[in-house]
Amino acid sequence: MSRSSGALPGRLPGASHLECTATGESFESERLAGLSPAGKPFFARYDLDALRGHFTPGVLAGRSPTLWRYAEVLPVREPACRVSLGEGFTPLLDSPRMARSLDVGRLWIKDEGQNPTGSFKDRGLCMAVSRALELGATALAIPSAGNAAGATAAYGAAAGLPVHVVVPTDTPAPILAEIRALGADLRLLDGLISDCGKVVRQGCDEHGWWDLSTLKEPYRIEGKKTMGYELFEQLAGRLPDAIVYPTGGGTGLVGMWKAFDEMEQLGWIGTERPKMFTVQAAGCAPIVRAWEEGREDAGTWENAATYASGLRVPGAVGDFLVLRALRESGGGAVAVQDAEMAEWVAAMGTATGVFAAPEGGATAAAVPKLRAMGLIEAEDEVVLFNTGSGLKYVGMEPLAASATRPSR
Ligand SMILES: *Cc1c(COP(=O)(O)O)cnc(C)c1O
């Protein structure tokens with residue numbers, strides 16, 4: 001096989017099947033699929049035994065720096081359906097001053113703010129839109145706290161598909177401007193993302209839109225899992241001791257956990273895993289509450305309120321998958337106040353040059369708490385996920401401290 005440097009493979013087998021994450025049953029992968037018959041998320045599965053020994057870290061070396069470099073473990077079969085705006089392969093920034101101020105052995109910031117629309121939502125929506133294009137969807141729809149709508153608008157435009165988005169009225173202005181400029185049909189709703197979801201479902205029933213809600217279709221998680229592959233590649237063939245991740249719907253955390261399993265089956269790593277930590281806002285912390293109560297699912301958080309719009313997710317269909325990953329990894333979950341996020345956005349900016357989203361600030365704010373709890377140790381190598389750019393939150397102010405503040 002000879003191909004020029006940077007070239008990606010041609011037509012691929014893609015996924016072998018979809019698997020229900022609750023029952024383990026298998027389903028056909030080559031038509032549009034939402035939740036499983038059990039009402040739970042699907043995972044795309046691949047013939048990893050066939051890839052073992054062929055799809056190795058070595059073959060990645062010359063490939064283009066986007067998430068499509070992992071094409072063999074992605075669901076899209078046709079190269080023409082790989083919609084791309086340059087997403088993924090974001091910098092992993094070694095930050096010794098942050099490591100010192102947080103008292104850990106070594107610290108990197110995975111700067112997802114450098115994705116095309118300024119957040120890591122691009123990864124998931126790149127994959128979901130590409131796959132919807134491949135499987136024949138004619139219109140796309142999404143309820144969003146903001147960043148996912150911007151990403152869907154961008155990838156829908158790139159794919160040439162119409163996009164309908166429903167977002168809360170208090171979504172940051174830069175994101176609303178972005179959605180409008182990218183040509184999407186924008187509806188504002190005085191409510192939460194869960195209320196927006198109801199409007200989207202109605203549009204799907206009435207107009208045949210394809211619903212791209214978090215974990216309600218199988219492929220956003222496939223895009224987000226590439227963060228796990230990237231950590232391994234960017235750390236030259238190993239994984240960190242701890243990953244601190246600002247968790248809303250949980251796609252990224254669950255996606256990375258899935259990637260590590262795949263990497264083990266591919267023979268890239270052994271059974272070792274990083275400790276996975278969820279960070280949520282004190283005003284919307286369903287996963288943290290469930291973690292502290294030792295539950296296997298999280299239920300719904302009343303009166304969700306935080307200026308970190310990506311964390312304003314009161315209930316998540318994949319909650320049990322997040323909690324399972326935290327448990328199996330020996331990690332945990334912790335909540336931080338909006339004011340702490342803002343403080344650490346400034347501290348991170350000063351120490352590193354990265355203008356983080358509040359969600360990124362939240363990961364730094366969590367570390368002293370996790371150190372005090374003994375869950376992260378002084379010699380640990382830690383990766384913080386800055387999931388978005390601070391530029392998308394300009395004009396948003398931290399909310400006052402409270403555990404159950406009513407929404408504005
Ligand atoms: C959506 C979002 C999150 C939460 O991501 P999940 O993978 O859904 O948990 C965190 N940060 C930002 C900036 C987001 O947009």
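What you see is a predicted model; the values in this text were computed from it and never measured.

(A) The domain arrangement of the protein chain, seen in detail. Each assigned domain of the protein chain is listed with its residue range as follows: domain 1 (17-81), domain 2 (92-119 + 219-404) and domain 3 (121-211). Using only C-alpha atoms to locate each centre, domain 2 and domain 3 end up separated by 24 Å. Taken together, the 25 residues of domain 2 in the interface contact 25 residues of domain 3. Summing the contributions of domain 2 and of domain 3, the shared interface buries around 2200 Å²; its carbon and sulfur component is 55%.

(B) Unusual backbone geometry, seen in detail. In this structure, D103 takes a positive phi of about 55 degrees despite not being glycine. For D103, the position within the fold is in the loop between α3 (96-102) and β5 (106-111). For D103, a relative accessible area of 42% corresponds to the partly exposed category. In this structure, A236 is a non-glycine residue whose phi angle is positive, near 55 degrees. For A236, the location among the structural elements is in the loop between α9 (226-234) and β10 (242-246).

(C) Structural context of the sheet that holds strand β13 (residues 381-386). The sheet built from 6 strands is open, its strands ordered β4-β5-β13-β10-β11-β12 with mixed pairing. Looking at strand neighbours, the two that pair on one side only are β4 (92-94) and β12 (332-336), the edges of this open sheet. Neighbouring strand axes in the sheet, compared pairwise and without regard to direction, differ in orientation by 25 degrees on average. Strand direction decides the pairing type here: β4 and β5, joined by 3 bridges, are antiparallel. When the sheet's bridge partners are listed, L93 is paired in β5 with I109. Running over the sheet, helix α12 (residues 319-329) touches β11 (275-281) and β12 and is turned about 135 degrees from β11. Contacting β5, β11, β12 and β13, helix α13 (residues 338-352) runs over the sheet at an angle of about 100 degrees to β12.

(D) Structural context of the environment of A365. For A365, the position within the fold is in helix α14 (residues 358-372). Taking the C-alpha atoms as reference, A365 lies 30 Å from G197; in sequence the two are 168 residues apart. Not counting residues within four places of it along the chain, the set of residues in contact with A365 comprises V336, E340 and W344.

(E) Looking closely at the site of the ligand. K121, Y245, G248, G250 and T387 are the nearest of the 16 residues found near the ligand. At 2.7 Å, a backbone N or O of G248 approaches an oxygen atom of the ligand. Contacts to the ligand include T387, whose side-chain N or O atom sits 2.6 Å from a nitrogen atom. Broken down by secondary-structure element, the contributors of at least two residues to the shell around the ligand are β10 and α10 (251-265). Partitioned by chemical class, the residues of the shell around the ligand number 4 nonpolar, 9 polar and 3 charged.

Rules used in this analysis
- Residues numbered from 1 in each chain as written.
- Predicted model: local features only at pLDDT ≥ 70, side-chain atom pairs only at ≥ 80, totals over all residues.
- Heavy atoms only, no water.
- Domains from an automatic or database assignment.
- Contact = heavy atoms within 4.5 Å.
- Buried area = accessible area lost by both parts, 1.4 Å probe.
- Helix = DSSP H or I, 4+ residues; strand = E, 2+ residues; numbered from the N terminus.
- Buried < 20%, exposed > 50% of the residue type's maximum accessible area, 1.4 Å probe, protein only.
- Pairing = 2+ DSSP bridges.
- Axes fitted to C-alpha atoms, helices over the stretch in contact; angles between N-to-C directions.
- Near = heavy atom within 4 Å.
- Polar contact = N/O pair within 3.5 Å; in protein donor to acceptor, adjacent residues only side chain to side chain.
- Nonpolar A, V, L, I, M, F, W, Y, C, P; charged D, E, K, R; others polar.

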